[in-house]
Amino acid sequence: MPTTIPFILLYCLFAVFFLQILYYLIIIAPATYRAGKNTYRKGDKHTDSQTDSDSKLTETKGVSVIVCARNEGENLTNYLHSLLEQDYPCFEVIVVNDQSEDDTRGILERMHLQYKNMRVSFVPQHAQLRSSKKLAITIGVKAAQYDYILLTDADCCPESKHWIKEIMSAFDDPKTEVVLGYGAYFVNRTAINTIIQYDTLFNALQYMGFAGIGCPYMGVGRNLAYKKQTFFDNEGFKGLLANRAGDDDLFVQKVANGKNTKTIMSKDSITWSVPCKSFFEWEHQKERHLSVSAYYTAKSRFLLGLEPATRGLFYALLIATAYFGDIFIWTVIATLFFTRWLLQIILLNVAAKRVDSKRFLLSILLLDIFLPVNNLWLLLKHKFRRRSIEW
């Protein structure tokens with residue numbers, strides 16, 4: 001009887017391993033395949049008919065880029081020009097000053113004189129709202145003169161002057177109402193940046209992969225587009241105002257579905273943002289983002305919970321099977337472990353190379369365990385903190 005225990009554990013390990021491999025092949029691999037592939041490249045040769053077709057396509061699709069800014073004077077100085085100087089025939093940039101207390105107003109006034117395609121609005125001082133950013137976006141959408149809304153942040157810089165063109169290429173189907181883009185973070189050599197790069201890339205491959213099979217559940221406000229009419233047809237952020245965050249993922253939960261949503265992760269469609277400089281700053285940002293996951297649909301929560309649950313089971317069963325097993329079983333579980341790791345190395349690093357992110361090798365082993373544990377800790381901390389406030 002005792003000899004059956006390691007084999008029972010081994011069979012369970014095989015089942016969980018199979019689920020993990022399926023996840024990477026069905027969700028992560030397709031998103032990895034699409035990563036970094038531009039629909040338009042500088043220097044491409046177009047025929048006259050293609051040029052005329054592209055011209056007609058873009059001219060009929062005016063775009064309003066909306067940037068919400070609170071105390072972002074330095075970032076606006078550094079990055080706003082990269083939005084205003086896009087190579088696209090019909091667009092405007094609307095900057096909504098969200099009650100800034102720095103020199104944001106003066107910077108915007110000076111830039112407004114320089115760029116004719118720039119417009120400025122503001123959130124009224126002392127606006128009593130839990131999420132003034134949702135109000136700022138609403139103000140921007142109502143001020144927009146074009147039918148397509150493209151959101152990014154004040155600390156974001158597009159990969160190239162073809163950013164708008166790349167994002168708008170995803171609206172080639174009239175049924176498309178929402179486009180989920182990739183918002184990357186600038187790369188540096190710090191340990192916290194390695195965590196941020198891995199977490200950001202994996203999350204992007206995950207939400208784009210799920211959208212690819214008809215289950216969109218989130219996007220990032222650093223790079224998100226939708227039709228203006230979609231915003232109004234769904235009454236904007238109605239029903240979402242009680243949450244401080246969620247102007248991107250909860251809105252996607254509300255309006256996106258398998259028929260009206262596309263993803264794009266081409267090189268020129270990427271935006272780059274300033275990353276957190278410390279672990280505690282990143283933890284605070286991560287907790288804020290995770291706090292809205294409790295308001296996801298039951299289906300989204302199940303799909304998102306399935307992967308980390310099977311991942312945790314994989315490691316638990318790996319340890320238990322090794323403890324009870326012999327040299328033959330150790331060889332089998334080592335094969336399973338390295339097969340999964342090799343698949344992660346290939347898929348994550350192919351995607352990372354295509355979007356100019358960091359490469360990962362041994363760090364995968366550490367972050368594969370640390371990130372879901374840290375996410376669980378942050379979710380529990382937020383839950384108990386909220387409960388103590390309610391009491």
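Just above sits the structure.
In short, a report on the structure. (Residues numbered from 1 in each chain as written. Predicted model: local features only at pLDDT ≥ 70, side-chain atom pairs only at ≥ 80, totals over all residues. Heavy atoms only, no water.)

1. Side note on empty space enclosed by the protein
Think of a ball as big as a water molecule: rolled over the atoms, this probe shows where empty space is left. Under the defined criterion, the tally for this structure stands at one cavity of 30 Å³ or more. A volume near 40 Å³ is recorded for the largest cavity. If you go around the largest cavity, the residues you meet are Ile 66, Val 67, Cys 68, Lys 133, Ile 137, Leu 151, Thr 152, Asp 153, Gly 221 and Asp 247. Those elements that place two or more of their residues in the lining of the largest cavity are strand 1 (63-69), helix 5 (132-143) and strand 4 (148-153). (1 Å grid on protein atoms, 1.4 Å probe; cavity = no way out; pocket = protein on both sides within 12 Å on 5 of 7 lines; lining within 4 Å. Points joined across faces, edges and corners; volume = space filled by probe spheres on them. Helix = DSSP H or I, 4+ residues; strand = E, 2+ residues; numbered from the N terminus.)

2. Structural notes on the pairing of strand 3 (residues 118-123)
With six bridges connecting them, strand 2 (residues 91-98) and strand 3 associate as parallel partners. By the bridge assignment for strand 3, Val 93 is matched with Met 118. Note on the crossover from strand 2 through helix 4 (residues 104-114) to strand 3: the handedness is right-handed. (Pairing = 2+ DSSP bridges. Right-handed = clockwise from strand over helix to strand, strands pointing away.)

3. Quick word on the sheet that holds strand 8 (residues 224-227)
Pairing is mixed in the open sheet, where seven strands are placed in the order 3-2-1-4-8-6-9. The two strands at the open ends of the sheet, each matched to only one other strand, are strand 3 and strand 9 (261-263). For this sheet the average axis-to-axis angle between neighbouring strands, irrespective of direction, equals 20°. Contacts between helix 4 and the sheet are confined to strand 2 and strand 3, with strand 3 contributing the most and set at about 155° to the helix. (Axes fitted to C-alpha atoms, helices over the stretch in contact; angles between N-to-C directions. Contact = heavy atoms within 4.5 Å.)

4. Points about helix 5
The end-to-end C-alpha separation of helix 5 is 16 Å, in line with the 16 Å expected for twelve residues at 1.5 Å each. Of all the residues in helix 5, the buried ones are Ser 132, Lys 134, Ala 136, Ile 137, Thr 138, Ile 139, Gly 140 and Val 141. Along its buried surface, helix 5 packs onto strand 1, strand 2, strand 3, strand 4, strand 8 and helix 8 (228-233). (Expected span 1.5 Å × (residues − 1). Buried < 20%, exposed > 50% of the residue type's maximum accessible area, 1.4 Å probe, protein only.)

5. So, the packing of aromatic side chains
On inspection of all chains with the given rule, the structure shows 24 aromatic pairs. A ring pair is formed by Phe 279 and Trp 282, whose centres lie 5.9 Å apart and whose planes are at 45°; its orientation type is tilted. Pair noted here: Phe 279 and Trp 282 are both in helix 10 (residues 279-290), with a separation of three residues, about one helical turn. What makes Phe 279 partly exposed here is its relative accessible area of 31%. (Phe/Tyr/Trp six-rings, centres within 6.5 Å; stacked < 30°, edge-to-face > 60°.)

Worth remembering: the numbers are spatial, not functional.
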